[in-house]
Amino acid sequence: AQSVAQPEDQVNVAEGNPLTVKCTYSVSGNPYLFWYVQYPNRGLQFLLKYITGDNLVKGSYGFEAEFNKSQTSFHLKKPSALVSDSALYFCAVRESLPGNTPLVFGKGTRLSVIA
Amino acid sequence: NAGVMQNPRHLVRRRGQEARLRCSPMKGHSHVYWYRQLPEEGLKFMVYLQKENIIDESGMPKERFSAEFPKEGPSILRIQQVVRGDSAAYFCASSPSGFGSGANVLTFGAGSRLTVL
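Residues numbered from 1 in each chain as written. Chains lettered and ligands numbered in written order. Predicted model: local features only at pLDDT ≥ 70, side-chain atom pairs only at ≥ 80, totals over all residues. Heavy atoms only, no water.

**Structural notes on the pattern of salt bridges**
Residues and elements named next belong to chain A.
So, step 1. Tallying each qualifying case throughout the model produces 6 salt bridges over all chains.
So, step 2. K77 is the salt-bridge partner of E66, the closest N and O atoms lying 3.8 Å from each other. Separated by 11 residues along the polypeptide, E66 in strand β8 (residues 64-68) and K77 in strand β9 (residues 73-78) bring together distant segments of the chain.
So, step 3. According to the relative accessible area criterion, E66 is partly exposed, its value standing at 39%.
So, step 4. Owing to a relative accessible area of 29%, K77 belongs among the partly exposed residues under this scheme.
So, step 5. Between K78 and D85 there is a salt bridge; the shortest N-O distance is 2.8 Å. (Salt bridge = Lys/Arg side-chain N within 4 Å of Asp/Glu carboxyl O. Helix = DSSP H or I, 4+ residues; strand = E, 2+ residues; numbered from the N terminus. Buried < 20%, exposed > 50% of the residue type's maximum accessible area, 1.4 Å probe, protein only.)

Below, the structure is given as structure tokens:
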């Protein structure tokens, strides 16, 4: 069975500092990996995804994520945090095998960027 | 393009009543997914539908919950005889192709927040 772990419920960062939101996954085969962001009272918005190829994936709003197969991780990063980045971040995974296995989400990490 | 439209945004029901949540997918999307977000938990997959078909309902509770996506009109998530534990945010997402088509991106609606008194 596929699963996602986001070990930190909350991450606090000072504005201008780099940020990292951690994600590890478990799948039987190769993964498709995603990051979504949720602002208050809104739906989830897609940030970026990893399918294959380059391990460093660049996405929206200056975010990037690095796929590390040996550590089964897909951490979200940004070189310089903004106050407006404060939101709830979800990592998600599904196996790349044929079939209709659902997209599985982690519990989310609340990012707070302090001015 | 109006995106994924969910209504109502907020719904209050008393225990034992029925809740109906509606979802209109993005134009051109024929695949719909329902997820539930409970307080302090992540999003839990409930059901995946394509027009007139339920593809995967492995996340749906066995009783009281049902979903449909008719040929015409929105997808409906129906909860009968609601209990307090059903209080949650219910999110609908859509995509032009299904889970089996690879790394397709889901587009989410703003959610329907159900409160059971």
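**With respect to the environment of A:G59**
Residue and element names in this part refer to chain A.
So, step 1. Locating G59 in the fold gives a position in the loop between β7 (56-58) and β8.
So, step 2. C-alpha separation for the pair G59 and L76, spaced 17 residues apart in sequence, amounts to 10.0 Å.
So, step 3. Among residues more than four places away in sequence, those in contact with G59 are L47 and L48. (Contact = heavy atoms within 4.5 Å.)

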